[in-house]
Amino acid sequence: MLEEALATVVLAFYLMLPAYVPNNAAVLAGGGPAIDGGRTWKGDRLLGDGKTWRGSAGGVLAGFVLALLLNQLAPLEVAGATLPEFPVLAAFGLAFGAILGDIGASFVKRRSGRERGKPMPPLDQLDFVVGAFAVTLPLSHGWFVEQFTLPVIAVVVVITPLLHVSTNFIAYQLDLKDEPY
Ligand code: CTP
Ligand code: MG
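In what follows, the accompanying structure is described. Note that the structure is predicted; figures quoted are calculated from it, not measured.

## What about the overall build of the protein chain?
A tally of helices and strands in the protein chain yields six helices and four strands. Helices (α) and strands (β) of the protein chain occur, in sequence order from the N terminus, as α-β-β-α-β-β-α-α-α-α. Taken against the 2.2 N^0.38 rule, which gives 16 Å for 181 residues, the C-alpha radius of gyration of the protein chain at 17 Å falls within 12% of a compact globule. Expressed as lengths along the three principal axes of its C-alpha atoms, the size of the protein chain is roughly 50 × 30 × 30 Å. Within the protein chain, buried positions represent 43% of all 181 residues.

Spelled out as structure tokens, the structure:
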């Protein structure tokens, strides 16, 4: 029972790595022109200066390359979980979807009058999960439904906000990020 739970947590974390890394890589790669080019809608920025072409491309690339590197390990047994390979379309879907979800959240945040960097929980913590799932589901359908069983999805929804809050706090302490969220 406990062993099975541990295996599910390990698998969930592993499957989401290509979707977790893009956000952190975007912080490091960010800068340069904003995606919205400064455009506004009804007085508010479309996305804001926190969503750049460079950060987005760097984020997607980092997640995608990580998945391909992880594939060199497969099939690997860790804590009772069999870590699978990421099909190329799933590798891309997880990374691209994560960045797309984060961009979508900024669009929503600007529409609700929140300036760049203002928090909006739990949107900030789960936007990239929703994006990663929504893009990977159609792109790599068979693989997605095989790997992301209901228990795995449940674990992802619980551990992702915890991981997000702690990694962002570390990035803030390291002066890589302006806010601790
Ligand atoms: N970043 C980027 N491009 C992205 C995502 C992030 O360049 N697609 C970089 C930006 O430098 C951004 C930082 O990573 O400031 C932190 O990302 P995030 O917290 O998502 O952006 P915020 O600045 O908080 O802006 P928002 O309120 O729109 O989330
Ligand atoms: Mg933010």
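Still more to cover.
## A short note on the packing of helix α2 (residues 53–70) against helix α3 (residues 88–111)
Look at α2 against α3: their axes get within 8 Å of each other, and the N-to-C directions meet at 150°. With respect to α3, the axis of α2 lies roughly antiparallel. For the pair α2 and α3, the sense of crossing is right-handed. Along its contact with α2, which presents Ser56, Gly59, Val60, Gly63, Phe64, Ala67 and Leu68, the element α3 presents Val88, Ala91, Phe92, Ala95, Phe96, Ile99 and Ile103. Each residue belonging to the contact of α2 with α3 can be placed in one class, and the counts come to eleven nonpolar, three polar and no charged.

## Brief notes about the nonpolar core
Counting residues in each nonpolar core, the largest one holds 30 residues, and the members touching the most others are Met16, Phe86, Trp143, Phe148 and Val156. Elements represented by at least two residues in this core include exactly α1 (2–29), α2, β4 (81–83), α3, α4 (123–139), α5 (141–147) and α6 (150–173). Looking at this core element by element, the count peaks at ten residues for α1. With residues up to four places along the chain from it excluded, the contact list for Met16 reads Val129, Phe133, Phe148 and Val156. One finds Ile35, Leu47, Val60 and Ala95 within the second-largest nonpolar core, a separate group that totals seven residues.

## Describing the packing of α1 against α4
Close contact between α1 and α4 brings their axes to 10 Å; oriented N to C, the two are set at 130°. Classified by the angle their axes make, α1 and α4 are oblique. Two packed elements cross with a definite hand, and for α1 against α4 that hand is right-handed. Taken together, the residues of α4 that come into contact with α1 (itself represented by Met16, Ala19, Tyr20 and Asn23) are Phe128, Val129, Ala132 and Phe133. Residues that form the contact of α1 with α4 fall into these classes: seven nonpolar, one polar and no charged.

## Section: the site of ligand 1
Within the structure, ligand 1 sits among 15 residues, and Lys51, Thr52, Ser106, Arg110 and Gly117 are positioned closest to it. A distance of 3.1 Å separates an oxygen atom of ligand 1 from a polar atom in the side chain of Lys109. At a separation of 2.7 Å, an oxygen atom of ligand 1 approaches a polar side-chain atom of Arg110. Alone, ligand 1 offers 560 Å² of accessible surface; in the complex the protein occludes 88% of this. Using a 2 Å cut-off from the grid points, one finds that ligand 1 occupies the largest pocket. Looking at the shell around ligand 1, the elements with two or more residues in it are α1, α2 and α3.

## Topic: the layout of surface pockets
Its boundaries defined by the atoms lining it, the largest pocket holds a volume of some 830 Å³. Together, 35 residues line the largest pocket, and Val27, Gly50, Lys51, Asp102 and Lys177 are the ones closest to its centre. Of all elements in the fold, only α1, α2, α3, α4 and α6 reach the threshold of two or more residues within the lining of the largest pocket. At seven residues, the largest contribution of residues to the lining of the largest pocket is made by α3.

Conventions we followed
Residues numbered from 1 in each chain as written. Chains lettered and ligands numbered in written order. Predicted model: local features only at pLDDT ≥ 70, side-chain atom pairs only at ≥ 80, totals over all residues. Heavy atoms only, no water. Helix = DSSP H or I, 4+ residues; strand = E, 2+ residues; numbered from the N terminus. Rg over C-alpha atoms; globule rule 2.2 N^0.38 Å. Buried < 20%, exposed > 50% of the residue type's maximum accessible area, 1.4 Å probe, protein only. Axes fitted to C-alpha atoms, helices over the stretch in contact; angles between N-to-C directions. Parallel < 35°, antiparallel > 145°, perpendicular 65-115°, else oblique. Left-handed = near helix turned anticlockwise from the far one by under 90°. Contact = heavy atoms within 4.5 Å. Nonpolar A, V, L, I, M, F, W, Y, C, P; charged D, E, K, R; others polar. Core = buried A, V, L, I, M, F, W, Y, C linked by side-chain atoms within 4.5 Å. Near = heavy atom within 4 Å. Polar contact = N/O pair within 3.5 Å; in protein donor to acceptor, adjacent residues only side chain to side chain. Areas by Shrake-Rupley, 256 points an atom, 1.4 Å probe, with all protein chains shown as cover. 1 Å grid on protein atoms, 1.4 Å probe; cavity = no way out; pocket = protein on both sides within 12 Å on 5 of 7 lines; lining within 4 Å. Sits in = over half its atoms within 2 Å of the grid points. Points joined across faces, edges and corners; volume = space filled by probe spheres on them.

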